[in-house]
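Observations on the three-dimensional arrangement
The lines below spell out each chain.
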Amino acid sequence: MYLVTGATAHFGRQAVEALHAAGHPVRALTRTPERAALPQGVELAQADLTKPETLPAALDGVSAVLLVLQYGMDPAPLLAAAREAGVSRIVFLSSGAVVDGADPQPDVIAQYHGDVERAVRESGLEWTTLRLLFPAINSLTFAMQLAGGDVIRAPYTKAAFSAVHELDVADVAVTTLTQPVHAGRTYRLTGPESLTQADQVAILGQALGRPLTVEDLDPAPVLEQMSAFMDPAFLGALFDLMAACVGKPAEVNDTVERITGHPARTYAQWAADHATDF
């Protein structure tokens, strides 16, 4: 049995569906199973990572866990319960911002994920780390703007990313969960191409059949406005990461293809898959 945390959010949901489609027994951990809307045959476990007493039942009979965490969440209760339950392996979905050997890490995003990576490594369980930086689903933030016109206004439109399709993340997660050969390894996941945000908008426009354009915004006032309702330290780190991607190509590797056996999906494929979301 495989357990997926964060099973109704991005990455967790796709991993559950991919495990189920491949015929693997999968249990989806969620606080609200009545709203899960997962495929028939997926086992639901009502549990909360912040309430240790809810975890033993969710982990009963589980051999490996895909750990998908909200930023800032403490993994310690889950790791302790996993050891007690006899779980063999943890696959942790981490961030590409983590710098190997850095202490402290360069920003709060990298520090949080680096700390969780260390906790998983020190748990006594087998582990695999999957690091991704800019998932393609970040483009869903454009939807509200596109509801009112054909112009995307954003900072760092010349920043280049190798956006990763969430289905590729799920496919890698399934392989690393079910094949012990990946234990003790850290993988950086990228898409197959380096594209600026402006490039992505143009491709999205083709998928939508709309002539979209971009307008580059001054990051400072955008950061100030967003900090009123989001963690300023997290946002500052995110903006710094984007700023560092301006004027140079993004890292592109073949990790997805090497692990899954199929090429990483392109951003154009992602846009076509999500056209109805805009």
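Residues numbered from 1 in each chain as written. Predicted model: local features only at pLDDT ≥ 70, side-chain atom pairs only at ≥ 80, totals over all residues. Heavy atoms only, no water.

This next bit is on the UniProt feature "domain: NAD(P)-binding" (unreviewed entry) in the protein chain. This chain's UniProt record puts "domain: NAD(P)-binding" (unreviewed entry) on residues 6–180. Between the C-alpha atoms that bound residues 6–180 the distance is 22 Å, and the span itself is 32% helix and 19% strand. (UniProt positions renumbered as here; feature names shortened; annotations may be inferred. Helix = DSSP H or I, 4+ residues; strand = E, 2+ residues; numbered from the N terminus.)

Glancing now at the pattern of salt bridges. Counted according to the given criterion, the structure contains twelve salt bridges. Glu43 serves as the salt-bridge partner of Arg27, at 2.8 Å between the closest nitrogen and oxygen. Of this pair, Arg27 sits in strand E2 (residues 26–30) while Glu43 sits in strand E3 (residues 43–46), and the two are 16 residues apart along the sequence. Judged by relative accessible area, Arg27 falls into the buried class, the value being 8%. Assessed through its relative accessible area of 34%, Glu43 is described here as partly exposed. Between Asp150 and Arg210 there is a salt bridge, with its nearest N and O atoms 2.6 Å apart. With Asp150 in the loop between helix H5 (143–146) and strand E7 (151–154) and Arg210 in the loop between helix H7 (197–208) and strand E11 (213–216), the pair connects residues that are 60 residues apart, well separated along the chain. (Salt bridge = Lys/Arg side-chain N within 4 Å of Asp/Glu carboxyl O. Buried < 20%, exposed > 50% of the residue type's maximum accessible area, 1.4 Å probe, protein only.)

This brings us to the sheet that holds strand E4 (residues 64–67). Reading across the sheet, the seven strands line up as E3-E2-E1-E4-E5-E6-E9 and stay open at both edges, with parallel pairing between neighbours. Of all the strands in the sheet, the pair left with one neighbour each is E3 and strand E9 (185–189). Averaged over all adjacent pairs, the angle separating strand axes in this sheet is 20 degrees, with direction ignored. As judged from the four bridges shared by E4 and strand E5 (residues 89–95), these two strands associate in the parallel manner. Considered in E5, the bridge of Leu67 is made with Phe92. Here helix H6 (residues 166–178) sits on the sheet in contact with strand E1 (2–4), E4, E5, strand E6 (126–132) and E9, set at roughly 150 degrees to E5. (Pairing = 2+ DSSP bridges. Axes fitted to C-alpha atoms, helices over the stretch in contact; angles between N-to-C directions. Contact = heavy atoms within 4.5 Å.)

A separate point is the nonpolar core. Membership of the largest hydrophobic core comes to 46 residues, with the highest contact counts inside it found for Val16, Leu66, Leu130 and Tyr267. Among the elements that take part in this core, H6 stands out by supplying six residues, more than any other. If near-sequence neighbours (up to four positions away) are discounted, Leu66 is found in contact with Leu3, Val4, Thr5, Ala15, Val91, Ala173 and Leu177. Grouped together as the second largest cluster of nonpolar side chains are 25 residues, Leu3, Ala45, Leu49 and Leu79 included. (Core = buried A, V, L, I, M, F, W, Y, C linked by side-chain atoms within 4.5 Å.)

Moving on, we get to unusual backbone geometry. Following Asp103, the chain continues into Pro104 via a peptide bond in cis, with omega recorded as 5 degrees. For Pro104, the location among the structural elements is in the loop between E5 and helix H4 (108–121). Look at Phe11: it is not a glycine, yet its phi comes out positive at around 75 degrees. Considering the arrangement of structural elements, one finds Phe11 in the loop between E1 and helix H1 (12–21). Even without being glycine, Ala37 reaches a positive phi, approximately 55 degrees. Examined against the element boundaries, Ala37 turns out to sit in the loop between E2 and E3. For Ala37, a relative accessible area of 67% gives the class exposed.

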